Amino acid sequence: MSEQDPCIASVATGSSGSSAASVAPGSFASSAASASSVAGRRRRCAVVGLGARARMFTEALAGPYAGRIELVGFCDVNARRMAVHNGWIAADHPGRGPVPAYAAEDFEVMLRRERVDLVVVCSVDRTHDDYIVRALEAGCDVVTEKPMTTDADKARRILDARRRTGGDVRVAFNYRYNPVHSAVREVIAGGEIGEVGSVHFEWLLDLRHGADYFRRWHRDKANSGGLMVHKATHHFDLVNWWLGTEPETVFAQGGLFFYGEEAGRRRGLARPYARAHGAAAAEGDPFAVRLADSEVLRALYLEAEAEDGYHRDQNVFGAGVTIEDDMAVLVRYASGVSLSYHLTAYSPWEGYRVAFNGSEGRLELLVEESTWVRPAERVDGASPPVMHGSAVGDDVGRTELLVRRFWEQPREVKVGGGEGAAEGGHGGGDVRMLADLFGPRSGGDALGRAADAVDGARSLVTGLAANESFETGLPVRVRDLLDV
């Protein structure tokens, strides 16, 4: 993710009632997995955490899935952000009333008053477990943004609450729904390269996307778990899903090589400003984001600062960065497969390479989301709020999936969809995931793309073990952290 970006302070907001039919939370057979209506009644849904990432959910719930799900509540620590989302909904759906807005401390009040069935969690990562557990205990099902949470204790809280309440938790792993990733799973499951012995996985974040983690709340590992948790949870989940296995042992090395105060001084990249807005020293800095240039960033963050003081445009070479930007991980899986994984957050291009070595050949995936980054590129009003690859222009890359069987010429697997702006975010994964979360489940889920709390924990634990290995210099047994 593209990632959610709500603030991290607390502020009171107003609330109002709803005129929808009264049905108690959790009193129906339908789950978050299908989000289906029961006896003609729409499910009642609330969204907590109204940052940039939440817009994907609020637009879907107020638009194409409004006939199945009624959006009845917003909850955030910042009233301005909730008002912005309500403004977007009003502009897109004239005549629709505002979604009732509640302060973070009134979360349970919202659940009761609005008779919520389903909660979508898009708040700061470190708060996910709190909202998930409270929602489950109130009888609601949950859809949560990745990562499901940020440490092992919080993951145990979620798993225990799910078992205790019987509620459903879905983790929004949109990469499972990218058509090319589905094709990878089909090739492996079909046995075209035989038994998989090892995986090589390199993920590159370009100077647009990678730098953005070091401007936001993600730069503090206490908020995000670092990129091993916040970002790589996607990638570790893909490996678990592709191979149908789970991690056993992790050894990792990582550090802050490019960003941060010390590295910026050493390379002559540091500039004397804490945040870019209003700072003369930030002018001409290609690493600075200019909130006022983007309609979305200005509305959600710059104009919301007065309520909580959160700065979305911090200096990537400033003080306070506690996450890594260059990480190498070795993983041994229960199936015997080994993974070598590398994440770099300061690449000239964005994308990833994955190779699977099998007993009968090799499968190779190359995805170029951007081929280069323009210097001193400014964010204009039409640009997305999070710098993630590219949708148009001469920096667009390509996708290639090759099967290389022993004794045969390479064969390219052609995948329909997944490329271009028309497919939507994450190679078309976002729109397909939303349909699976909120639409009718008519065709089943043959690829097993729906991810639950156990999947969320298994994707998380590799990154947690990697973080521990960074600190100790030793391999980590996954079950010593979290037995899933």
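As a reminder, the structure under discussion sits directly above these lines.
Described in the following lines is the structure provided in the data block. (Residues numbered from 1 in each chain as written. Predicted model: local features only at pLDDT ≥ 70, side-chain atom pairs only at ≥ 80, totals over all residues. Heavy atoms only, no water.)

## Remarks on the packing of aromatic side chains
Let me state the cut-off plainly: Any Phe, Tyr or Trp ring, taking Trp's six-membered ring, that has another such ring centre within 6.5 Å forms a pair; planes under 30 degrees apart are called stacked, those over 60 apart edge-to-face, and the others tilted. The secondary structure listing takes helices from DSSP runs of H or I that are at least 4 residues long and strands from runs of E that are at least 2 residues long, numbered from the N terminus. Accessibility here uses a 1.4 Å probe with only protein chains present; expressed as a share of the type maximum, an area under 20% marks a residue as buried, one over 50% as exposed, and anything in between as partly exposed.
Enumeration over the complete set of coordinates arrives at 20 aromatic pairs. Taking the centre distance of 5.0 Å and the plane angle of 70 degrees together, the rings of Phe-107 and Tyr-131 count as edge-to-face. Taken together, the residues Phe-107 in helix α3 (residues 107-113) and Tyr-131 in helix α4 (residues 128-137) connect sequence positions 24 residues apart. Residue Tyr-131 is classed as buried on the basis of its relative accessible area of 8%.

## Topic: the nonpolar core
Soluble globular proteins tend to bury their nonpolar side chains together. Heads up, the condition is: Throughout, nonpolar core names a set of buried Ala, Val, Leu, Ile, Met, Phe, Trp, Tyr and Cys residues whose side chains join them through atoms within 4.5 Å. In what follows, residue pairs with any heavy atoms lying within 4.5 Å of each other are defined as contacts.
Judged by nonpolar contacts, the single largest core of 96 residues is most densely connected at Met-228, Trp-242, Tyr-259, Tyr-341 and Phe-356. The element contributing the most residues to this core is helix α15 (residues 453-472), with eight residues. Other than its neighbours up to four places away in sequence, Met-228 contacts Thr-233, Phe-236, Met-327, Val-329, Tyr-341, Leu-343, Gly-463, Ala-466, Asn-467 and Phe-470. Counting 27 residues, the second largest nonpolar core, distinct from the first, contains Phe-57, Ala-62, Leu-71 and Met-82.

## Here we look at the sheet that holds strand β4 (residues 118-121)
The line we're drawing: At least two bridges found by DSSP between two strands are what make those strands a pair. Axis definition: a line fitted to C-alpha atoms, over the contacting stretch in the case of helices. Angles run 0 to 180 degrees between N-to-C directions.
The parallel open sheet is built from six strands, whose spatial order is β3-β2-β1-β4-β5-β6. Each edge of the sheet is formed by a strand with only one pairing partner; in this case those strands are β3 (101-103) and β6 (169-171). Within the sheet, the average angular offset between the axes of one strand and its neighbour, ignoring direction, is 20 degrees. Summarising the sheet, strand β2 (residues 69-76) and β3 pair through three bridges and their orientation is parallel. Note on β3: the bridge partner recorded for Phe-74 is Ala-101. Lying over the sheet, α4 contacts β1 (43-48), β4, β5 (141-144) and β6, oriented at roughly 160 degrees with respect to β5.

## Re the sheet that holds strand β11 (residues 350-358)
One open sheet accounts for nine strands, arranged β14-β13-β12-β11-β7-β10-β9-β8-β15; its pairing is mixed. Of all the strands in the sheet, the pair left with one neighbour each is β14 (411-412) and β15 (476-477). Taken together, the two bridges between strand β13 (residues 399-405) and β14 define a ladder with antiparallel strand orientation. Counterpart to Val-403 in the pairing with β14 is Arg-411. Against the sheet, helix α10 (residues 232-243) engages β7 (196-206), β8 (247-255), β9 (326-333), β10 (338-347) and β11, with an angle of about 155 degrees to β7.

## Side note on unusual backbone geometry
Glycine aside, a negative phi is what most residues show, and trans is what most peptide bonds show. Cis geometry is adopted by the peptide bond preceding Pro-147, which originates at Lys-146 and carries an omega value of -10 degrees. Following the sequence through the fold, Pro-147 ends up in the loop between β5 and α5 (152-165). Of note, the phi angle at Arg-115 is positive, near 50 degrees, even though the residue is not glycine. Looking at where Arg-115 falls in the secondary structure, it is placed in the loop between α3 and β4. If you check the backbone angles, Trp-407 has positive phi at about 65 degrees while not being a glycine. Assignment of secondary structure puts Trp-407 in the loop between β13 and β14. A relative accessible area of 88% means that Trp-407 is categorised as exposed.

## Considerations on the pairing of β7
Taking burial as the measure, the 11 residues of β7 include eight buried ones, the bulk of the element. Two elements, β7 and β10, share eight bridges in a ladder whose sense is parallel. By the bridge assignment, Val-199 is partnered in β10 with Leu-339.

## Overview of the pairing of β8
Bridging between β8 and β9 involves eight bridges; their strand directions are antiparallel. Note on β9: the bridge partner recorded for Thr-249 is Arg-332. In this sheet, β15 lies alongside β8 in antiparallel orientation, the contact comprising two bridges. In the strand pairing of β15, Val-250 is matched with Val-476.

## Looking at α4
Along α4, eight of the 10 residues are buried, which leaves the element largely enclosed by surrounding structure. Every buried residue of α4 is listed here: His-128, Asp-129, Tyr-131, Ile-132, Val-133, Arg-134, Ala-135 and Leu-136. Among the structural elements, β1, α3, β4, β5, α5 and β6 are those in contact with the buried residues of α4. The positive-phi residue at the C-terminal boundary of α4 is Gly-139, with phi of around 90 degrees.

## Observations regarding the packing of α4 against α5
Rule in force here: The scheme is simple: roughly parallel for angles under 35 degrees, roughly antiparallel for over 145, roughly perpendicular for 65 to 115, oblique for anything else.
Two elements in contact, α4 and α5, have axes separated by 9 Å at closest approach and are oriented at 10 degrees. One element, α4, and the other, α5, form an angle in the roughly parallel class. Contacts between α4 and α5 involve Asp-129, Asp-130, Ile-132, Val-133, Leu-136 and Glu-137 from the first element and Lys-154, Arg-157, Ile-158, Ala-161, Arg-162, Arg-164 and Thr-165 from the second.

## Re the pattern of salt bridges
A side chain of one charge can pair with a side chain of the opposite charge when the charged atoms of the two come close. Heads up, the condition is: One speaks of a salt bridge when a side-chain nitrogen belonging to Lys or Arg is within 4 Å of a carboxyl oxygen belonging to Asp or Glu.
In total, this model carries 43 salt bridges according to the counting rule given. Here Glu-400 makes a salt bridge to Arg-398, at a shortest N to O gap of 3.6 Å. A relative accessible area of 25% places Glu-400 in the partly exposed class. Overall, Arg-398 belongs to the partly exposed group, its relative accessible area being 40%. Across the pair Asp-480 and Arg-477 runs a salt bridge, and its minimum N-O distance is 3.4 Å. Residues Asp-480 and Arg-477 agree in their burial class; the two are exposed. Among the charged side chains, a network of salt bridges with common partners joins Asp-212, Arg-215, Arg-216 and Arg-312.

## Side note on the packing of helix α1 (residues 54-62) against helix α14 (residues 429-438)
The test is simple: Each crossing is labelled by how the near helix is turned from the far one, with a counterclockwise turn of less than a right angle marking it left-handed and a clockwise turn marking it right-handed. The nonpolar class holds Ala, Val, Leu, Ile, Met, Phe, Trp, Tyr, Cys and Pro. Asp, Glu, Lys and Arg form the charged class, and all remaining residues, Gly among them, are polar.
Packing of α1 against α14 leaves a shortest axis separation of 11 Å and a crossing angle of 55 degrees. When the axis of α1 is compared with that of α14, the two are oblique. As α1 runs across α14, the sense of the crossing is right-handed. Counting all contacts with α1, which are made through Met-56, Phe-57, Ala-60 and Leu-61, the residues of α14 involved are Asp-430, Met-433, Leu-434, Leu-437 and Phe-438. A breakdown of the residues in the contact of α1 with α14 according to their chemical character gives eight nonpolar, no polar and one charged.

What is shown is where atoms sit, not what they do.
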